[in-house]
Amino acid sequence: MRRGMTIGILAAATAVALVGCSGGGGGGDARTKGPITIWYSNNEAEIAWGKQMVEAWNADNPDEQVKAQEIPAGDSSEEVISAAITAGNAPCLIFNTSPAAVPQFEKQGGLVSLSDFEDGDDYITSRTGDLAEQYASADGAYFQMPWKSNPVMIFYNKDLFAKAGLDADSPKLSTYDEFLTASRAIVDSGAAKYAIHPAPTSEFFQSWFDFYPLYAAETEGTQLVEDGKATFDSDEGEAVSELWRTMYEENLAGQEQYQGDSFLDGEAAMAIVGPWAIAVYGDDVNWGAVPVPTSEGTDAAETYTFSDAKNIGLYSACKNQQTAWDVLKFATSEEQDGKLLELTGQMPLRSDLTTVYPDYFADNPAYTVFGDQASRTVEVPNVANSVEIWQNFRDGYSKAVIFGEGDIPAFLKDTAAKIDTLASAN
Amino acid sequence: MTTITRPTEVEAQRQDAPRPRRRRWLGSSPLGLLFTAPYLIFICAIFAYPIVFAVWMSFQDYFFSAPGVEVDRPFVGFDNYIAVLQDPAVWQSFRNVGVFLIINVPLTVVLSIVLASALNRVVHARAFLRVSYYVPYVAASVAVVGVWLFLFSGGGLVNNVLGDLAPVPSWLINSQLAMPVIALFVTWKQLGFYILLYLAALQNVPKELYESAATDGAGGVRTFFSVTVPGVRPATLLVLLISTITGANLFTEPYLLTGGGGPNGASASPVLLMYQKGIEQGNPDVASAIGVILIICVLIIAFIQRRLVRDEES
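Remember, predicted model here, so these are calculated numbers, not experimental data.

Participant: In this structure, what is going on with the overall build of chain A? I would like to understand it.
Facilitator: In terms of helices and strands, chain A carries 17 helices and 14 strands. For 426 residues, the compact-globule estimate of 2.2 N^0.38 gives 22 Å, and chain A sits close to it at 23 Å. Dimensions of chain A, computed from C-alpha atoms along their principal axes, come out at roughly 85 × 55 × 35 Å. Burial analysis of chain A (426 residues in total) assigns 52% to the buried set. Pairs at least 24 apart in sequence give 76% of the contacts found in chain A among residues at least 6 apart.

Here it is in structure tokens:
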């Protein structure tokens, strides 16, 4: 009898727990309107943009108020978002969704397909143009709104270049030979300890700031994985890897992580960064920016690079998804994109960027080159196991290129084989 | 005159019947259960449930999903374990943590017992010295790691002192030296806690034993090995177990000090790999399999340590 009661209590407790779990955030009706919550990035400029955007929306929509907060602190935004998806308490919109994490969030059932909205695909493609294709999932649906990019370029310190006897106003950095020659001059002259110092650590995303921009440029816009296959086991992949290996072998790039900003501190004379850095470096560094190099040199107007984009996700725990979609469109409207550009210096992913905001680029000529570059960016591939793919690539790259163990063709071949398997998995 | 009426045997049996059953379930002091309940619940919720859940996950094709989303998580038998055992990075991480334990555990035991004995004898500035050893233990790892980076980076203090004798590549990017540096760092950081354990244990060593040893003409070293070391053996077992368990769970130091287990995974630990695979890459099933293997390894080491120290004791 007692045993029966115990079993009964346990069964009831389990049932309550299961009901509690399943009811936590199973998603809402796509047509519902009402108050929503959003998260945005925690850097000062984006907070300022987010606050004014929410204020503007709330003023006109008293029945669909938006409550906004900075993304909660964590090791990375992706971990916080993944945990929120699992817990069922993700907000409606997150204005800091990494494209590399989207396949995983989609697999978790955490994202709403924006293509399911009547005007979803049309809105995305009309705003972003051909670049939007890179953000579509394997089935062609959009689970992320392409929002803003930070097309990375070579920042160089004009003072250190002058000290090394290089032309500081129009430095020769377009071919690999020129890049190596300039790098050697910088280090040999003692102008800086390193010519460039991309983080040599093992995190999966670090290759986005050394190998990938140069690979995008060398291949004229090829992603790491296309059509389910790794693309880098090629002459272009080998050329980029050889360049970086030479940089490390000759101590022109540092193998050890630097605590701080090596470019800002003058430890390195160059850096690969996006336009966000303009506000950060400000007057502290007398800087210039040029496109990343290619083996034979490419015209600046044709050079591709890595986008370093952050997008907007609409999360399935959202109850008022129609309001979320309307807010998303409001936040990516021409007016709000203009304010984003003005307040953060980051490039809205619009196909007509430089023509829509001519006044901004006229007033801020430093950003013009980034505005132009924004139309030729390559995103991380939107494929299954995206993070694992990048970690595998980083591990192989770190060994063969940064620490010079083994030969580069073997690294490219072995890593490509692993990535082919990962990319083809569900 | 008082008459005592004894209950009949049948009545006595009736009265006593529920007692053994209740006693069997609740023990002789049911109130004790009430007092221990919060901690038992804590242990079950924070340790037991996650371990059982992790073991279950390691046999499924599992990934975290949003509540209410129907996903297929089939039973996959030992597939995750096979994947883990075929992954060279996993083997390397276990070798790395083996190197770490070989350096860290003996060093921790030796240094903490020696320093605790010395501190126990100190008369002046005793509190200051004890606090000094304890400060690194309570300091945030992130802050302390910054100091060690300053010391052991390529252009750091240690290399400047060593000059031409500085290793190439430098400490933290040297595949032979990265893990030993981490082991030294952790030993230094945790030492204060173990010293405290030994200081507590030293208070229980009878003073008469020291007096007898002195009477027999034993010197300091002889007294240390013949009186102090045997006297704190239970504490030594505790230090061995705790340092082994915490060492096997190494994560923060390779994550921060060597930039994610570098160079080339030479300082990657199993827990760091679990973090990468389980949290970053969304494969908690594979991460759980690594965790289960790690638990088994730690249990085996702890069992051997216990047997060795007990055998010596007996």
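The rest of the description comes next.
Participant: Looking at this model, I keep getting lost on the overall build of chain B. Mind explaining?
Facilitator: Each helix and strand in chain B was counted, giving 15 helices and 0 strands. Relative to the 2.2 N^0.38 estimate, which gives 20 Å for 314 residues, the radius of gyration of chain B is 27 Å and therefore markedly larger than a compact globule would have. Reported as C-alpha extents along the three principal axes, the dimensions of chain B are approximately 100 × 75 × 35 Å. Taken across its 314 residues, chain B has 30% of its residues classed as buried. In chain B, of all internal contacts separated by at least 6 residues, the share reaching a separation of at least 24 is 70%.

Participant: Would you take a moment to explain the UniProt feature "transmembrane region" (unreviewed entry) in chain B for this structure?
Facilitator: All names here are of chain B. Mapped onto this numbering, the UniProt entry gives "transmembrane region" (unreviewed entry) at residues 31-57, 97-119, 131-157, 177-200, 232-251 and 286-304. Along residues 31-57 one finds 100% helix and 0% strand; the C-alpha atoms at either end are 37 Å apart. Strand forms 0% of residues 232-251 and helix 80%; the C-alpha atoms that close the span are 30 Å apart.

Participant: Before we go on, may I ask you to explain the nonpolar core in this structure?
Facilitator: Nonpolar side chains tend toward joint burial in soluble globular proteins. In this structure, A:Ile38, A:Leu93, A:Phe155, A:Ala195, A:Ala269, A:Leu314 and A:Tyr315 are the most contacted members of the largest nonpolar core, which totals 127 residues. Among the elements that make up this core, the one with the highest residue count is helix α16 (residues 386-402) of chain A (8 residues). Two domains each put at least three residues into this core: domain 1 (28-143 + 310-348) and domain 2 (153-307 + 382-424) of chain A. Counting 47 residues, the second largest nonpolar core, distinct from the first, contains B:Val105, B:Trp148, B:Phe185 and B:Tyr194.

Participant: How should I be thinking about the pairing of strand β9 (residues 268-273) of chain A in this particular structure?
Facilitator: The two faces of a sheet get side chains in turn, since along a regular strand they alternate between them. Residue and element names in this part refer to chain A. Here β9 lies mainly inside the structure; 6 of its 6 residues are buried. Here strand β5 (residues 153-157) runs beside β9; their pairing, made up of 4 bridges, is antiparallel. Bridge assignment links Ile154 to a residue of β9, and that residue is Ile272. Two strands pair when backbone bridges link them, and strand β6 (residues 194-196) and β9 are joined in this way by 2 bridges, in the parallel orientation.

Participant: Sorry if this is basic, but what is going on with the interface of chain B and chain A here?
Facilitator: Interfaces are frequently sized by the accessible area removed from exposure as the parts join. Between chain B and chain A, the residue contacts involve 27 residues of the former and 34 residues of the latter. By residue number, the principal contributor to the side of chain B that touches chain A is helix α14 (residues 270-280) of chain B, which donates 3 residues. Counted by class, the side of chain B that touches chain A contains 12 nonpolar, 14 polar and 1 charged residues.

Participant: Can you walk me through the confidence of the model for chain B in this structure?
Facilitator: Residue and element names in this part refer to chain B. Taken residue by residue, chain B gives an average pLDDT of 89. The fraction at 70 or more is 92%. Of all secondary-structure elements in chain B, the lowest mean pLDDT belongs to helix α1 (residues 9-16), at 54, while helix α4 (residues 79-85) reaches the highest, 96. On the interface metric, ipTM, the complex scores 0.84, and its pTM is 0.86.

Participant: Sorry if this is basic, but what is going on with the sheet that holds strand β4 (residues 145-149) of chain A here?
Facilitator: Hydrogen bonding along the main chain pairs the strands of a sheet, whether they run parallel or antiparallel. All names here are of chain A. Pairing is mixed across the open sheet formed by 6 strands, whose spatial order is β2-β1-β3-β12-β4-β13. In this open sheet, the two edge strands, each paired with only one partner strand, are β2 (66-70) and β13 (347-348). Where β4 and strand β12 (residues 310-314) come together, 2 bridges link them in antiparallel fashion. By the bridge assignment for β12, Met145 is matched with Ile312. Contacting β1 (36-40), β2, β3 (93-97), β4 and β12, helix α11 (residues 321-331) runs over the sheet at an angle of about 160° to β12.

Participant: Would you explain the pairing of β3(A) in this entry?
Facilitator: All names here are of chain A. Here β3 lies mainly inside the structure; 5 of its 5 residues are buried. In this sheet, β3 lies alongside β1 in parallel orientation, the contact comprising 3 bridges. Residue Ile38 lies in a different strand from β3, and its bridge partner there is Leu93. Here 3 bridges tie β3 to β12, and the two strands are oriented antiparallel to one another. Across the sheet, residue Ile94 finds its bridge partner in β12, namely Gly313.

Each value, and the rule that gives it
- Residues numbered from 1 in each chain as written.
- Chains lettered and ligands numbered in written order.
- Predicted model: local features only at pLDDT ≥ 70, side-chain atom pairs only at ≥ 80, totals over all residues.
- Helix = DSSP H or I, 4+ residues; strand = E, 2+ residues; numbered from the N terminus.
- Rg over C-alpha atoms; globule rule 2.2 N^0.38 Å.
- Buried ≥ 20, exposed ≤ 12 C-beta atoms within 10 Å, placed from the backbone.
- Contact = placed C-beta atoms within 7 Å.
- UniProt positions renumbered as here; feature names shortened; annotations may be inferred.
- Core = buried A, V, L, I, M, F, W, Y, C linked by C-beta atoms within 7 Å.
- Domains from an automatic or database assignment.
- Pairing = 2+ DSSP bridges.
- Nonpolar A, V, L, I, M, F, W, Y, C, P; charged D, E, K, R; others polar.
- pLDDT = per-residue confidence, 0-100.
- Axes fitted to C-alpha atoms, helices over the stretch in contact; angles between N-to-C directions.

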